[in-house]
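Architecture and fold: a report
If you want the building blocks of each chain, they are given just below.
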Amino acid sequence: MRRLLTLIILLIAALETHAESTSVAVAVNFTAPMQKLAAEFEKETGHTVAASFASTGKLYAQIRNGAPFEVLLAADDETPAKLEKEAATVAGSRYTYASGRIVLWSAKPGLVDESPLKAGDFRHFALPNPRLAPYGVAAVEMLTALKLIDAVQAKFVLAENLAQSYQYIATGNAELGIVALSQVIKEGRIGEGSGWIVPATLHQPIRQDAVLLSAGRGNPAADAFLTFLKSTKAKAVMRAYGYDV
Amino acid sequence: MSDGDLTAILLTLRLASLTTVILLVLCTPLAWWLARTASRWKAPIGAVVALPLVLPPTVLGFYLLVTLGPQGPVGQITQSLGLGVLPFSFAGLVVASVLYSLPFVVQPLQQAFAAIGNGPLEAAATLRASPLDTFVHVVLPLARPGFITAAILGFAHTVGEFGVVLMIGGNIPNKTRVISVQIYDHVEAMDYAAAHWLSGGLVLFSFLVLLALYALNPAARGNYRG
């Protein structure tokens, strides 16, 4: 009898805390930190998070066509601004949750600075398509700043996203290329292969914006997630994955 | 339509034509063998030929990237022959497309050859026709519908391929950026108007190709999916 009573009290208590669930659309480059953040968030608040990963362009198309996402963590700042203009978001909720960093990366050891770029001793240079990916735009800005754009452009291999750029370089099909720091960082340094972390002064910041979408209006779990994203704990996770916050 | 779209269309047509010609040359003996042989290798080789029907294009693309790449076995061979490596080149796309569209050419040919049966061949032999003579003057005319089906399906399937070329192409204008990749870029870049033009064109093209296939060759109706 006492056990039953305890159970009932616990159930009521659970209802009291209003554990809710929220669906978050996440840009692919933020996959690893998001999984970590979601686990921490669920432990801390009791809410649950369902994360869907796709490129920002695809997520945009899905949101505009009725996908039930409540929060968007984009890979750029243009898409959330565009959705805001189209009244698909909750006004005033947009902010930059992280800034990405690019790495000049090679599967071979020994790359520490931009000198192999200058030497030009490579056939293919992989980068995410600048038309689609802010990380690709940053790569072009870096090459322009180093006055190497004309020489390197002829060797461009455009990847559809960061994951494919990584794949081209990891398989050796492109000797050099651009990936996100978050893809190659392991315990604070570059894990596999070798790379040069491009100084942030060589390109415009790669701002990744978050926004509360219209579908998330009034869901406490969606609000709580955006609040959690601004916490010191969340920022430490993002920093560990190679993002500037 | 932009210059980029036009370049992509011309490149796609070039790729699909070349792929179809190579496939018809390669697949005619292969399909003939598959249709006539009693070898115990028939089943395993038939299964390998059909693999691209079943595998997701990303699997095919990924393995091509790895095997054709500088560290891969095929990549080692092409490099030692002084050909360089195939990914990110038009030649690489042709190789990938040939593999990807192989079953769409082999299978109609194989069925057409099998449908001829022994009768006409034996009749030709009694008239002292050489095997080559028989093949050119008896088999090829009888298998004509099979060749038409195979050529149209091989061509159309190559035009429609996406996952493989995306993986090993590297999206280089005038070299590897085909229509499907161009459409993908338009959609990803949220340029939906441009995406509609090309996509609508591709729908119309595909419909016309299939219409031609069924009009020319009623026997193919319902047998294949492009």
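In what follows, the structure referred to is the one given above.
Residues numbered from 1 in each chain as written. Chains lettered and ligands numbered in written order. Predicted model: local features only at pLDDT ≥ 70, side-chain atom pairs only at ≥ 80, totals over all residues. Heavy atoms only, no water.

1. Digging into the sheet that holds strand β7 (residues 156-159) of chain A
Residue and element names in this part refer to chain A. Strand order in the open sheet made by the five strands is β7-β6-β8-β5-β11, with mixed pairing throughout. Of all strands in the sheet, those bounded by a partner on one side alone are β7 and β11 (194-197). Direction aside, neighbouring strands of the sheet carry axes that sit 30 degrees apart on average. As defined by bridge partners, strand β6 (residues 125-128) adjoins β7 across four bridges and the pair is classed as parallel. Looking at the pairing, F125 lines up with F156 of β7. (Pairing = 2+ DSSP bridges. Helix = DSSP H or I, 4+ residues; strand = E, 2+ residues; numbered from the N terminus. Axes fitted to C-alpha atoms, helices over the stretch in contact; angles between N-to-C directions.)

2. What to know about the interface of chain B and chain A
Each partner contributes residues to the interface: chain B has 26 residues there, and chain A has 23 residues. Interface of chain B and chain A: buried area, both sides summed, is about 2100 Å²; carbon and sulfur atoms make up 53% of it. Contact with chain A buries area across many residues of chain B, yet F88, E188 and M190 of chain B alone supply 31% of it, more than any other trio. Counting the contacts that link chain B with chain A gives one salt bridge. Its salt-bridge partner being D191 of chain B, residue R131 of chain A comes within 3.9 Å of it at the nearest N-O pair. Applying the counting criterion to the chain B and chain A interface returns eight residue pairs in polar contact (both at pLDDT 80 or more). Of all the secondary structure elements, the ones that give two or more residues to the side of chain B that touches chain A are α3 (57-68), α9 (163-169) and α10 (179-188) of chain B. A total of five residues in the side of chain B that touches chain A trace back to one element, the largest contributor, which is α10 of chain B. (Contact = heavy atoms within 4.5 Å. Buried area = accessible area lost by both parts, 1.4 Å probe. Salt bridge = Lys/Arg side-chain N within 4 Å of Asp/Glu carboxyl O. Polar contact = N/O pair within 3.5 Å; in protein donor to acceptor, adjacent residues only side chain to side chain.)

3. Structural notes on the environment of S165 of chain A
Residues and elements named next belong to chain A. Looking at where S165 falls in the secondary structure, it is placed in helix α8 (residues 162-170). Residue S165 is classed as buried on the basis of its relative accessible area, which comes to 0%. In this structure the C-alpha to C-alpha distance between S165 and F125, which are 40 residues apart in sequence, comes to 9.4 Å. Apart from residues lying up to four places away in sequence, S165 is in contact with A126, L127, P128, A159, I178 and V179. (Buried < 20%, exposed > 50% of the residue type's maximum accessible area, 1.4 Å probe, protein only.)

4. Looking at the pattern of salt bridges
Residue and element names in this part refer to chain A. The full count for this structure, using the stated rule, is seven salt bridges over all chains. A salt bridge links D209 to R94; its shortest N-O distance comes to 3.7 Å. Here R94 lies in the loop between α4 (78-85) and β4 (95-100) and D209 lies in strand β12 (residues 206-212), a separation of 115 residues in the sequence. The closest approach of N and O atoms between R101 and D244, which form a salt bridge, is 3.3 Å. Note that R101 is positioned in the loop between β4 and β5 (102-106) and D244 in the segment after α11 (232-240), a separation of 143 residues in sequence. Take R101: its relative accessible area is 17%, and that puts it in the buried class. Through salt bridges with shared partners, one network takes in E40, E44 and K233.

5. Considering a nonpolar patch on the surface
Residue and element names in this part refer to chain B. Side chains of M1, L6, L10 and L13 sit close together on the surface and give an oily, nonpolar patch of about 410 Å² of accessible area. By the secondary structure assignment, M1 is in the segment before α1 (3-36). Judged by its relative accessible area of 64%, M1 falls in the exposed class. (Patch = residues over 30% accessible without salt bridge, like charges linked within 9 Å, V, L, I, M, F, W, Y side chains within 5 Å. Areas by Shrake-Rupley, 256 points an atom, 1.4 Å probe, with all protein chains shown as cover.)

6. Side note on the packing of α10 of chain B against helix α11 (residues 192-216) of chain B
All names here are of chain B. Contact geometry for α10 and α11: axes closest at 8 Å, N-to-C directions at 150 degrees. In terms of axis orientation, α10 runs roughly antiparallel to α11. As for the relative orientation of α10 and α11, their crossing is left-handed in sense. Of the residues in α11, those touching α10 at I179, Q182, I183, H186 and V187 are Y192, A194, A195, L198, S199 and L202. Looking at the contact of α10 with α11 residue by residue, the class counts come to eight nonpolar, three polar and no charged. (Parallel < 35°, antiparallel > 145°, perpendicular 65-115°, else oblique. Left-handed = near helix turned anticlockwise from the far one by under 90°. Nonpolar A, V, L, I, M, F, W, Y, C, P; charged D, E, K, R; others polar.)

Read these as layout, nothing more, since geometry by itself doesn't imply function.
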